[in-house]
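Here are the chains, one letter per residue:
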Amino acid sequence: MVRAVSTAETAATAYAWTIHADGLRVRAGRRMAVDGLDLAMDTGVHGLLGPNGAGKTTLVRSIATVLRPAGGTLTLLGEKVNGRLDLRGLRRQVGYLPQEFGYYRRFTVREFVEYIAWLKDMPAAETPGAVQRAIDRVGLTDRADDRMKTLSGGMVRRAGIAQAIVNDPRILLLDEPTAGLDPDQRLQLRALLRELGTDTCVLVSTHLVEDVAAACTDVLLIDAGRLVFQGVPADLAAAGDSAGTSAGTSAGTSDSAAERGYSAILRRHRRERES
Amino acid sequence: MTDHVSMALLERYATGGQGIAADTLWAVEAHLEGCAPCRERLGEAVVRRSPEATALLAAVRAKLATEVASSPQMPAQATRRVGRWVPPGIWPRLAMTIVVIAAALVLDLLGGGQFVLLVAPVVPLLGVAAVWSAGLDPAHELVVASPRAGLFMVLRRTLAVLLVVIPALTVAGALAGASPARWLLPCLVFTAGALALGELIGLRWAASALALVWTAGVIAPSVLAARAPLILEPVSLPYWAGLLAVIAVALVLRRDAYTGLRSETWSVR
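One numbering rule holds for all chains: residues counted from 1, following each sequence as written. All chains are assigned letters beginning at A, and all ligands numbers beginning at 1, according to the order in which they are written. Thresholds applied to this predicted model are a pLDDT of at least 70 for local features of residues and 80 or more for the giving and counting of side-chain atom pairs; totals over whole chains, interfaces and linings are not thresholded and use all residues.

Asker: How would you sum up the nonpolar core? Please name residues and give values.
Answerer: In a soluble, globular protein the nonpolar side chains are often hidden away together inside. Nonpolar cores are identified as sets of buried Ala, Val, Leu, Ile, Met, Phe, Trp, Tyr and Cys residues joined via C-beta atoms within 7 Å. Counting other C-beta atoms within 10 Å of a residue's own tells you its class, since 20 or more makes it buried, 12 or fewer makes it exposed, and anything in between is partly exposed; those C-beta atoms are placed from the backbone. In terms of nonpolar packing, the biggest core is built from 138 residues, with Val113, Ala162 and Leu173 of chain A together with Val116 and Leu125 of chain B touching the most fellow members. Each helix is a run of H or I in the DSSP string that is no shorter than four residues. Each strand is a run of E no shorter than two, and both are numbered from the N terminus. The biggest single contributor to this core is helix α10 (residues 180-201) of chain B, with ten residues. By definition, residue pairs are in contact when their C-beta atoms, positioned from the backbone, come within 7 Å. The residues contacting Val116 of chain B, other than those within four sequence positions of it, are Ala104, Leu105, Asp108, Ala172, Gly173, Ala176 and Ala178 of chain B. Core analysis: the next-biggest nonpolar cluster, separate from the first, contains eight residues, Val5, Tyr13, Ala14 and Val46 of chain B among them.

Right, dumping it as structure tokens:
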């Protein structure tokens with residue numbers, strides 16, 4: 001199913017980066033979870049990797065304009081996120097799947113996605129078509145009128161992706177979208193991500209290195225709230241190959257080059273920070 | 001030059017556009033894209049001048065009609081709209097509110113106390129706490145990150161809660177002899193007060209704190225003394241009205257607290 005593209009969507013942009021962070025600091029509770037992060041992202045699929053507690057979710061939540069930056073600047077679609085920003089206009093162009101995706105159990109998939117479309121200020125005339133398209137894209141067409149509580153974990157996750165893409169966002173934030181998906185569904189999700197990445201800035205937070213290697217045009221690796229590495233997936237694999245030979249890591253043969261690269265870069269970064 | 005495309009030009013366009021200069025063709029198409037009346041006239045021109053195009057369109061339409069008939073359709077339901085006024089998870093809380101009011105009524109009818117009057121100011125807080133709270137609204141994270149998040153959305157949901165609670169209180173008050181004139185203003189003050197305090201500490205905490213203060217400060221002493229407290233007598237109404245005005249101003253001044261961009265995680269966890 002296709003949709004009409006308005007002139008506003010194809011207009012030239014007057015900003016360099018869709019998402020741009022400069023010395024960004026964001027507090028999560030008492031802890032500074034994102035601490036001096038520099039980041040620049042444009043259209044494409046960006047894989048956000050990092051160990052548990054590295055600040056991935058906090059970063060995603062601050063880009064979703066849920067958390068206020070404690071320091072530094074965060075610029076989304078050319079607009080600085082601060083107290084004076086017109087959040088409503090910005091949020092219409094953002095799609096967000098939270099890590100802990102809460103939903104209304106008694107709603108059908110269609111009702112839920114439609115409710116989110118309403119929350120996102122979509123015009124009532126466009127909503128039914130957009131809802132159907134979003135549900136089709138995640139492959140839930142035949143379950144569209146089933147209640148959310150009857151869905152399996154993977155299907156709930158896909159319904160979460162459907163609500164995130166229903167407004168055709170310019171910035172799409174997916175926090176752990178592959179959690180609970182079976183291998184076949186993960187392949188489908190990767191294809192969808194590649195398709196979305198042609199005209200959207202997609203930020204996918206994940207802890208599965210192979211997802212990043214397969215579906216992303218760009219890899220971001222963060223540790224302790226700072227950006228450690230940004231490059232194409234091939235760079236990550238190259239770092240793994242060189243680390244495997246020079247540092248003599250005891251990597252098993254089944255570990256992929258990207259996974260070895262991930263741990264090699266993390267270890268090198270931590271060594272440098274300690275010294 | 002007129003604002004719209006001439007009929008002669010449209011008829012030539014409808015029959016294939018031969019002989020129309022490229023720049024004119026471009027202008028015609030650009031105009032048609034944004035002008036519904038001209039598109040309608042183009043449709044008439046097609047029917048009149050180009051039977052083959054009409055036949056093609058009819059064939060496409062017939063083919064599409066069968067496909068549309070076999071694909072799933074958006075069901076029309078009125079119940080969906082209710083969710084836009086109250087967060088869908090609030091129904092248990094509203095049911096609890098009704099139970100509390102009913103229990104107060106039963107106590108009054110059996111023992112001749114003033115329970116309906118005493119709980120009336122704070123009983124809406126049970127529902128109001130769930131209006132903007134992560135713990136009581138599963139999709140709260142999605143709601144606060146959405147364009148509609150903000151004081152208007154909070155007020156709209158609060159209004160929906162009051163539309164359930166106030167009629168229930170009115171009925172219970174009529175049976176127990178507690179006139180709305182005595183409790184309606186305090187009821188609104190506590191509701192607005194919870195919303196205003198919620199801008200500072202989170203709505204759920206604010207509602208709990210106010211309910212606790214009222215219970216400890218007014219309900220308990222009144223029950224012990226077995227008489228209605230002075231602050232619920234008509235003589236106190238001007239003070240309640242003044243308080244409501246002050247709270248309303250504070251609520252509007254700090255309205256951005258509900259729009260998002262929080263530096264602490266108080267109302268998320």
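After presenting the structure, the write-up continues.
Asker: Describe in detail the sheet that holds strand β5 (residues 79-80) of chain A, supporting the description with residues and values.
Answerer: Residues and elements named next belong to chain A. Strand order in the open sheet formed by four strands is β2-β1-β4-β5, with antiparallel pairing between adjacent strands. Of all strands in the sheet, those with a lone pairing partner are β2 (31-41) and β5, marking the two edges. Where strand β1 (residues 19-28) and strand β4 (residues 69-76) come together, six bridges link them in antiparallel fashion. When the sheet's bridge partners are listed, Arg25 is paired in β4 with Gly71. By the convention used here, strands pair only if DSSP detects at least 2 bridges between them.

Asker: Provide a residue-level description of the sheet that holds strand β6 (residues 94-97) of chain A, including the pertinent values.
Answerer: Residue and element names in this part refer to chain A. Across the sheet, six strands lie side by side as β6-β7-β8-β3-β9-β10; this open sheet has mixed pairing. Pairing within the sheet leaves two strands with one partner each, and these edge strands are β6 and β10 (226-231). Each strand axis lies, on average, 15° off the axis of its neighbour in the sheet, ignoring direction. As defined by bridge partners, strand β7 (residues 171-175) adjoins strand β8 (residues 201-205) across five bridges and the pair is classed as parallel. Across the sheet, the residue bridging to Ile171 is Cys201, located in β8. Every axis in this analysis is a line fitted to C-alpha atoms, fitted for helices over the stretch in contact. Angles between the N-to-C directions lie between 0 and 180 degrees. Docked against the sheet, helix α7 (residues 183-196) engages β3 (44-49), β7 and β8, running at close to 145° with respect to β8.

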